[in-house]
Amino acid sequence: MTTLIVMAKECVPGRVKTRLHPPLSLADAARLAQACLDDTVARTRAVGERRVLCLQGSLPPIAGFAQVPQVPGDLDERIGAVLEQVRGPVLLIGMDTPQVDPVLLQRLANEWPRDVDAWFGPAADGGFWLLGLSELPGMRRGDLVRGVPMSRSDTGRNTRDRLVRAGLRVRDVPELSDIDDIASLRVVARDVDPAGRVASVLRELRREGALDGVVVPRGGLVARRGAEVA
């Protein structure tokens, strides 16, 4: 039974997406963060047999998702803890890639090959957007990420190297950009669902004059579906 874990934060102004300020106000940055979470939840609601929001802060109940609090500590400690709270195969993502492909995630959850111990999704900024781990009997899965410095340009490489050194058979999935700053927002905005909350908030911000130079798709779903894994 594969569990999807979404690392998420309560979207309080001044605590989320602060690198979008300026040009966005802290309130608008939090508004966009909430839209990212909303789209991530909507696009992953059918992924896996169980779905868990691992939260900093609190949120109202969300249908289809259990909620567990993040433990205190740095991000590597928080990820490590939740990996050890869940039994069976896991797919772990964040709330910063609202363009995530639900078809790809569902395929990973449903068709876990016998020769794959870990799925790894690199992020364009050098981090990672996906970490999938099989049950790995006899191994503490949290130790695969504990001690890896997070939010750095070498985080992804170091995390993947840690998996390989542990003897895991690692399979890569396509790279995604996550929303960290205005430059990455411009990239992600091209691939979000035009009917989703992120696209809606971006259009509102443009009308309000708070955001220029970000192109929001108006046609059908732009995000790539069924991308090949390496």
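Data block above holds the structure.
Source: prediction; values computed, not measured.

A.B. asks: Teacher, can you tell me more about the overall build of the protein chain here?
C.D. replies: The secondary structure content of the protein chain amounts to 6 helices and 7 strands. Ordering the α and β elements of the protein chain from the N terminus gives β-α-β-β-α-β-α-β-β-α-β-α-α. Radius of gyration (C-alpha) of the protein chain: 17 Å, near the 17 Å computed for a compact globule of 230 residues. The dimensions of the protein chain, computed from C-alpha atoms along their principal axes, are 55 × 35 × 35 Å. Scored against the burial criterion, the 230 residues of the protein chain give a buried share of 51%. Taking as baseline every contact in the protein chain between residues at least 6 positions apart, the subset at least 24 positions apart corresponds to 67%. A total accessible area of about 10400 Å² is found for the protein chain, and carbon and sulfur atoms account for 49% of it. Each charge class in the protein chain was averaged separately, 32 positive and 30 negative side chains, and the resulting centres sit 1 Å apart.

A.B. asks: I keep staring at the sheet that holds strand β4 (residues 90-94) and nothing clicks. Help me out?
C.D. replies: Sheet strands associate in pairs through backbone hydrogen bonding, adopting either a parallel or an antiparallel arrangement. Spatially, 7 strands are ordered β3-β2-β1-β4-β6-β5-β7 in an open sheet, and the strand pairing comes out mixed. In this open sheet, the two strands that pair with only one neighbour each are β3 (66-69) and β7 (170-172). For this sheet the average axis-to-axis angle between neighbouring strands, irrespective of direction, equals 20°. Pairing between β4 and strand β6 (residues 128-133): 4 bridges, direction antiparallel.

A.B. asks: Could you clarify how one ought to interpret the nonpolar core in this entry?
C.D. replies: The nonpolar side chains of soluble globular proteins are, as a tendency, buried together. Judged by nonpolar contacts, the single largest core of 29 residues is most densely connected at Leu53, Leu91, Leu105, Leu108, Trp119, Trp129 and Leu130. Looking at this core, the elements that each hand over two or more residues are β1 (3-9), α1 (26-44), β2 (50-56), β4, α3 (102-110) and β6. Setting aside its immediate chain neighbours within four residues, Leu105 contacts Thr44, Val47, Leu91, Ile93, Val100, Trp129 and Leu130. One finds Val86, Leu144, Val148 and Val170 within the second-largest nonpolar core, a separate group that totals 22 residues.

A.B. asks: Sorry, what's going on with helix α4 (residues 155-165) here?
C.D. replies: Because an α-helix completes one turn every 3.6 residues, residues spaced three or four positions apart along the sequence face the same direction. For α4, every residue scored as buried is listed here: Thr155, Gly156, Thr159 and Leu163. All buried residues of α4 project into a common sector of 100° when viewed along the axis, lining one side. With respect to the buried face of α4, the exposed residues turned more than 90 degrees away are Arg157 and Arg165. Against β5 (118-122), β6 and β7 lie the buried residues of α4. Following α4 by one or two positions, Gly167 adopts a phi angle in the positive range, close to 90°.

A.B. asks: Whenever I open this one, the packing of aromatic side chains confuses me. Can you help?
C.D. replies: In this description, a pair of aromatic rings is defined by centroid distance and the angle of the planes. Inspection of the entire model under this criterion finds 2 aromatic pairs. With 6.2 Å between their ring centres and 65° between their planes, Trp112 and Trp119 make a pair best called edge-to-face. Aromatic pair Phe120 and Phe128: ring centres 5.8 Å apart, planes at 40°, arrangement tilted. Phe120 sits in the buried class, given a relative accessible area of 3%.

A.B. asks: Sorry, what's going on with the environment of Trp112 here?
C.D. replies: Assignment of secondary structure puts Trp112 in the loop between α3 and β5. Accessibility expressed as a relative area gives 18% for Trp112, which makes it buried. Considered as a pair, Trp112 and Thr18 are 94 residues apart in the sequence and their alpha carbons are 37 Å apart. Setting aside its immediate chain neighbours within four residues, Trp112 contacts Thr2, Pro89, Val90, Leu91, Asp117, Trp119, Gly132, Leu133 and Ser134. In this structure the side chain of Trp112 is engaged in a polar contact, spanning 2.8 Å, whose partner is the backbone oxygen of Val116.

What counts, and where the lines are drawn
- Residues numbered from 1 in each chain as written.
- Predicted model: local features only at pLDDT ≥ 70, side-chain atom pairs only at ≥ 80, totals over all residues.
- Heavy atoms only, no water.
- Helix = DSSP H or I, 4+ residues; strand = E, 2+ residues; numbered from the N terminus.
- Rg over C-alpha atoms; globule rule 2.2 N^0.38 Å.
- Buried < 20%, exposed > 50% of the residue type's maximum accessible area, 1.4 Å probe, protein only.
- Contact = heavy atoms within 4.5 Å.
- Areas by Shrake-Rupley, 256 points an atom, 1.4 Å probe, with all protein chains shown as cover.
- Lys, Arg positive; Asp, Glu negative; His and termini not counted.
- Charge placed at Lys NZ, Arg CZ, Asp CG, Glu CD.
- Pairing = 2+ DSSP bridges.
- Axes fitted to C-alpha atoms, helices over the stretch in contact; angles between N-to-C directions.
- Core = buried A, V, L, I, M, F, W, Y, C linked by side-chain atoms within 4.5 Å.
- Arc of directions from axis to C-beta.
- Phe/Tyr/Trp six-rings, centres within 6.5 Å; stacked < 30°, edge-to-face > 60°.
- Polar contact = N/O pair within 3.5 Å; in protein donor to acceptor, adjacent residues only side chain to side chain.

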